[in-house]
Amino acid sequence: MSTPKVPPEETPEAEASTAAAHQERPDGGVWEHPWAFLSLIAVGALMVAAFFVVRIAGW
């Protein structure tokens, strides 16, 4: 037996493959940049608050 057996749950690496060169970082999805979403929510809340302040002031 010149080649080692690979367990059934694993895929053998191809020759000259770069798959094992680095670990791929898991995808963060929408949570990748939470500060961006937080700032959008804060800006929206400030705009709604400013609208009511302007209405109360009588402008």
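Draft legend 1. The arrangement of the overall build of the protein chain in detail. Assigned secondary structure in the protein chain consists of one helix and zero strands. Scored against the burial criterion, the 59 residues of the protein chain give a buried share of 0%. As presented, the protein chain carries roughly 6200 Å² of accessible surface, and 66% of it is formed by carbon and sulfur atoms.

Draft legend 2. Fine view of helix α1 (residues 34–57). The first and last C-alpha atoms of α1 sit 34 Å apart over 24 residues, in line with the 34 Å expected at 1.5 Å per residue. Trailing α1 by a residue or two, Gly-58 shows a phi angle of about 90 degrees, which is positive.

Draft legend 3. Seen up close, a nonpolar patch on the surface. There is a patch of nonpolar side chains on the surface, built from Val-30, Trp-31, Phe-37 and Leu-40 and spanning about 520 Å² of accessible area. Positionally, Leu-40 belongs in helix α1.

Rules behind the numbers
Residues numbered from 1 in each chain as written. Predicted model: local features only at pLDDT ≥ 70, side-chain atom pairs only at ≥ 80, totals over all residues. Heavy atoms only, no water. Helix = DSSP H or I, 4+ residues; strand = E, 2+ residues; numbered from the N terminus. Buried < 20%, exposed > 50% of the residue type's maximum accessible area, 1.4 Å probe, protein only. Areas by Shrake-Rupley, 256 points an atom, 1.4 Å probe, with all protein chains shown as cover. Expected span 1.5 Å × (residues − 1). Patch = residues over 30% accessible without salt bridge, like charges linked within 9 Å, V, L, I, M, F, W, Y side chains within 5 Å. Salt bridge = Lys/Arg side-chain N within 4 Å of Asp/Glu carboxyl O.

Treat this as a map of the structure, not an account of what it does.
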